[in-house]
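One-letter residues, chain by chain:
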Amino acid sequence: PPLVPYQTPFRAGFAPDGKSFRMAGRQAQGTWNAAIFSDADGKLLASIDTKSRVTRHLFSPDGKQLFLAAAAGQAARKDGVWPDYGRIHVVNLG
């Protein structure tokens, strides 16, 4: 499915099999994290310290990988050009 623009304080998305979902956001301690939960009971399945704000995500079609696009800091334009300041996290889920 297409990615949906950021609408809420966190982003959530379901795995292709619908059995788990991913959420990302800022924890109370100020750290950035992404986590995967069971849809059946809400149990935490995995947690990832991304050290950056996740802005987009995408599960692979087979659900075995999770791709997280993240912003590393808040860049400023220099001479009218935006610097590279993003990162991609690739998480193998099994």
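What counts as what
- Residues numbered from 1 in each chain as written.
- Predicted model: local features only at pLDDT ≥ 70, side-chain atom pairs only at ≥ 80, totals over all residues.
- Heavy atoms only, no water.
- Core = buried A, V, L, I, M, F, W, Y, C linked by side-chain atoms within 4.5 Å.
- Buried < 20%, exposed > 50% of the residue type's maximum accessible area, 1.4 Å probe, protein only.
- Helix = DSSP H or I, 4+ residues; strand = E, 2+ residues; numbered from the N terminus.
- Contact = heavy atoms within 4.5 Å.
- Phe/Tyr/Trp six-rings, centres within 6.5 Å; stacked < 30°, edge-to-face > 60°.
- Pairing = 2+ DSSP bridges.
- Axes fitted to C-alpha atoms, helices over the stretch in contact; angles between N-to-C directions.

## Observations regarding the nonpolar core
Argument step 1. If you look at the biggest cluster of nonpolar residues, it comprises ten residues: Ala15, Ala24, Ala34, Ile36, Ile48, Val54, Phe59, Leu66, Leu68 and Val91.
Argument step 2. For this core, the secondary-structure elements that each account for two or more residues are β3 (32-38), β5 (53-59) and β6 (65-71).
Argument step 3. Residues within four places of Leu66 in sequence aside, it is in contact with Arg22, Ile36, His57, Leu58, Phe59, His89, Val90, Val91 and Leu93.

## Looking at unusual backbone geometry
Argument step 1. One non-glycine residue, Lys51, lies in positive phi territory at about 55 degrees.
Argument step 2. Within the fold, Lys51 resides in the loop between β4 (44-49) and β5.
Argument step 3. Looking at Lys51, the relative accessible area reads 61%, which means it is exposed.

## Topic: the packing of aromatic side chains
Argument step 1. Inspection of the entire model under this criterion finds two aromatic pairs.
Argument step 2. Considering the side-chain rings of Phe14 and Phe21, the 5.6 Å spacing of their centres and the 50 degrees angle between planes classify their relative orientation as tilted.
Argument step 3. For Phe14, a relative accessible area of 51% gives the class exposed.
Argument step 4. Residues Phe21 and Phe37 carry aromatic rings whose centres are separated by 5.5 Å and whose planes lie at 25 degrees to one another, so their mutual orientation is stacked. Here the residue Phe21 occupies a position in strand β2 (residues 20-26), and Phe37 occupies one in strand β3, the gap between them amounting to 16 residues.
Argument step 5. Following the ring pairs from residue to residue traces out a cluster consisting of Phe14, Phe21 and Phe37.

## As for the pairing of β4
Argument step 1. Note that β3 and β4 share five bridges and pair antiparallel. Within β4, the position partnered with Phe37 by the bridge is Leu44.
Argument step 2. Linking β3 back to β4 in an antiparallel pair, the connection comprises five residues, with Gly42 at a positive phi of about 75 degrees.

## A look at the sheet that holds β6
Argument step 1. In space, the three strands of this open sheet follow the order β5-β6-β7, with antiparallel pairing throughout. The open sheet has two edge strands, β5 and β7 (86-92), and neither has a second partner. Strand-to-strand, the axes of this sheet are offset by a mean angle of 20 degrees, without reference to chain direction.
Argument step 2. Two elements, β6 and β7, share seven bridges in a ladder whose sense is antiparallel. Considered in β7, the bridge of Leu66 is made with Val91.

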